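Results of the structural survey
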Amino acid sequence: MSRKRTKFSWAAILACSTILFSACSQGEEVSEKTRNNGSTKITMMTALHTPEIPSDKIINMIEEKTNTELDIQWIPNNVYDEKLNSAFATESLPQIVPMGFEMYNQYKEAIRDGQFWEIGPYLDDYENLSKLREEVINNTKVNGKVYGIYRATPMSRQGYIYRKDWADKLGIETPKTTEDFYEMLRAFTEDDPDGNGKDDTIGLTDRSDLVYGAFKTIASWFGTPNDWGIKDGKLLPEFMFDEYMKTLDYMKKIHSNGYMNQDFPVTSKPDQQAMIKNGSAGVYVGSIGDVAGLYNDGIQLNPDLEYDVQNYVEGPHGEYGIWAIPGFGSINLFPKSSVKTEEQLKEILSFYDKLLNPDMANLISYGIEGEHYEIKDGLAAPLEEKRAVIDRDVRPLSSIHIGDIETIRIQPYHSYDVKLKAEELIVDNNKYLIHNPTVTLESDTFTKKSETLKQIMVDATYKYILGQIDKDGFNKAIEEWKKQGGSEVIVEFNEAYQKSK
């Protein structure tokens, strides 16, 4: 089935979106052993982060090595959540359903209602699944129980990427305080860093994302809690802390002085990245692992371009901290509507256990040795002349990774020294993590009203930075947040927090 489904084009996927889940109708026993070869048939949906779905080449090898027949629904990432919600509403979910962190939070009520399998009691029966990190597993729990298999990600990839050639020209050393960082943004805007005699550069390029854009990382530098923090023994949301307001003032000053793109609340990530690649801006705050892609594109426009990366920036309080995610980027759940028996669940868990063998981890990550990559200095180096083939065969498969694949596969080779430095700094961030204390806490009101509550404060944050409201206006937004259910969320999280001690 996967061989037919994976031949659909991108356009066909979009055109057929209304029937994308028809293969998972309730009358179909989708994981029963096929009559021809005894393999296990498994259906899954997953997000597609590339322009085209993968060829069958690697998928066929995965099927052969795991004795499965995979029916994979490749859904463009920008409509994934919509399709997931649609399939849930129509009871047409496949057997394996990956969810990002925010979507997972929205589905916790359904999880508590028993609509997904609890898998915790089974994990110790599998050699590789039993080795999943307890710290991350604990962060996935709902009411103390494990329901999904996580895909691990570094706790924090955050930092900043900057034009080193510009900094060298202006005599600027790598900023390690918020004051120095601000000065670099000023200089990159006002001191003609590209030397063309024109007023055509800005310091910071940002986008319409207060989490993975610049704001949350800069807020960490100022000592702001990660979503929620503890003040006087009580849990409160981050925007009720003085450090959040200091961050707002800092960002407002950068914006009002023209040291960043003025339309950042409506700027897309591609447009944000284009500004640092084409020389319009000199600093990019976010995932420092992005530096390789930015460099590969940027040198096509300017062969003399140089980047550098940094994670450590001390705030006014003289310390460095960086917000952390719970250690998983997504989690795979198993709906009881499509996984109808314990036997079917065990077959799926056996499939995932096999995916965590080193040879499978290497195959999914890099493809076939000699065809997609080579071993260089004991590391996996992509074959440069096969970039198009890698994009077709391998890159889309990143979304089916599970567990801590980075620790079991061959490590990647980085020909670009700054990328290697970025990976080292990502590990260094583990010493400075600011965790969200509410990750495993339950609040019925937050589950029901999180999107509404979030939007109130997102709007207020943007308006303050843009100068459309003052501090009184921001405080009014906080009061509105409380009225719309925020006060109940505070009470419920604190009750749950006390019970967890």
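Predicted model, so just to flag it, every value in this text is computed and none were measured. Numbering of residues starts from 1 in every chain and runs along the sequence as written. Where totals are concerned, whole chains, interfaces and linings use all residues; where local detail is concerned, this predicted model gives features only for residues with pLDDT of at least 70, and gives and counts side-chain atom pairs only at 80 or more. Water and hydrogen atoms play no part in the side-chain values, which are based on all heavy atoms of the structure.

Quick word on the nonpolar core
Residues belong to a common nonpolar core when they are buried Ala, Val, Leu, Ile, Met, Phe, Trp, Tyr or Cys residues joined through side-chain atoms within 4.5 Å. Only protein chains enter the accessibility calculation, which uses a 1.4 Å probe; a residue is then buried when its area is under 20% of its type maximum, exposed when over 50%, and partly exposed in between. Among the nonpolar cores identified, the biggest contains 61 residues, and I62, M99, L129, I149, F334 and Y352 are the most heavily contacted of them. Each helix is a run of H or I in the DSSP string that is no shorter than four residues. Each strand is a run of E no shorter than two, and both are numbered from the N terminus. Considering every element that reaches this core, the biggest residue donor is helix α14 (residues 342-355), with six residues. Here, residues are in contact when the closest pair of their heavy atoms is within 4.5 Å. Not counting residues up to four positions away in its chain, the partners in contact with F334 are Q95, I96, F116, W117, I119, Y147, I149, V339, L345, I348, L349 and Y352. The next biggest cluster of nonpolar side chains, apart from the first, holds 59 residues, and it includes W166, F222, M251 and Y462.

Description of the environment of V79
Within the element layout of this structure, V79 appears in the loop between β2 (68-76) and α4 (80-89). Assessed through its relative accessible area of 17%, V79 is described here as buried. It is 8.7 Å that separates the C-alpha atoms of V79 and A47, two residues lying 32 residues apart in sequence.

Things to note about the packing of helix α11 (residues 242-256) against helix α19 (residues 444-465)
Packed helices, taken two at a time, are described by the angle their axes make and the gap between the axes. For the pair α11 and α19, the least separation of the axes is 8 Å and the interaxial angle reads 45°. Between α11 and α19, the angle is such that the two are oblique. Counted together, Y244, M245, L248, D249, M251, K252 and H255 of α11 and T461, Y464 and I465 of α19 form the full contact between these two elements. Note on residue categories: nonpolar means Ala, Val, Leu, Ile, Met, Phe, Trp, Tyr, Cys or Pro, charged means Asp, Glu, Lys or Arg, and polar means any other residue, Gly included. Of the residues contributing to the contact of α11 with α19, the split by class is six nonpolar, two polar and two charged. Lines fitted to C-alpha atoms define the axes here, with helix axes fitted over just the stretch in contact, and angles between the N-to-C directions of these axes take values from 0 to 180 degrees. By definition in this entry, angles of less than 35 degrees are roughly parallel, angles greater than 145 are roughly antiparallel, angles of 65 to 115 are roughly perpendicular, and the rest are oblique.

Side note on the pairing of strand β5 (residues 158-163)
Among the six residues that make up β5, six are buried, leaving the element largely enclosed by the rest of the structure. As defined by bridge partners, β5 adjoins strand β9 (residues 281-287) across five bridges and the pair is classed as antiparallel. Following the sheet pairing, G159 is matched in β9 by G286. If DSSP finds at least two bridges between two strands, the strands pair. Here four bridges tie β5 to strand β10 (residues 307-310), and the two strands are oriented antiparallel to one another. By the bridge assignment for β10, R163 is matched with Y307.

A closer look at helix α9 (residues 178-190)
Here α9 contains 13 residues, and its C-alpha end-to-end distance of 18 Å stays within 8% of the 18 Å for a straight helix at 1.5 Å per residue. At its buried positions, α9 is contacted by β5, α8 (164-170), β6 (202-205), α10 (215-221), α11 and β9. Note on α9: the residue one or two positions beyond its end, D192, has a positive phi of about 50°. Take the residue count of a helix, subtract one, and multiply by 1.5 Å to get its expected span.

Focus: the pattern of salt bridges
We count a salt bridge whenever a side-chain nitrogen from Lys or Arg sits within 4 Å of a carboxyl oxygen from Asp or Glu. Tallied over the entire structure, the rule returns 20 salt bridges. For the salt bridge of D308 with K421, the shortest nitrogen-to-oxygen distance reads 2.9 Å. Here D308 is found in strand β10, whereas its partner K421 is found in helix α18 (residues 417-428), with 113 residues between them in sequence. Relative accessible area serves as the criterion here: at 10%, D308 is assigned to the buried category. Close ionic contact of D428 with K431 constitutes a salt bridge, the shortest N to O distance being 2.8 Å. A single network of salt bridges, built from pairs that share partners, joins E183, R186, E190 and D191.

What about the sheet that holds β9?
Reading across the sheet, the four strands line up as β6-β9-β5-β10 and stay open at both edges, with mixed pairing between neighbours. What marks the edges here is a single partner per strand, and that holds for β6 and β10. With direction set aside, neighbouring strand axes in the sheet form an average angle of 20°. Each of β5, β6, β9 and β10 is contacted by helix α12 (residues 269-277), which is oriented at about 135° to β9, the strand it contacts most.

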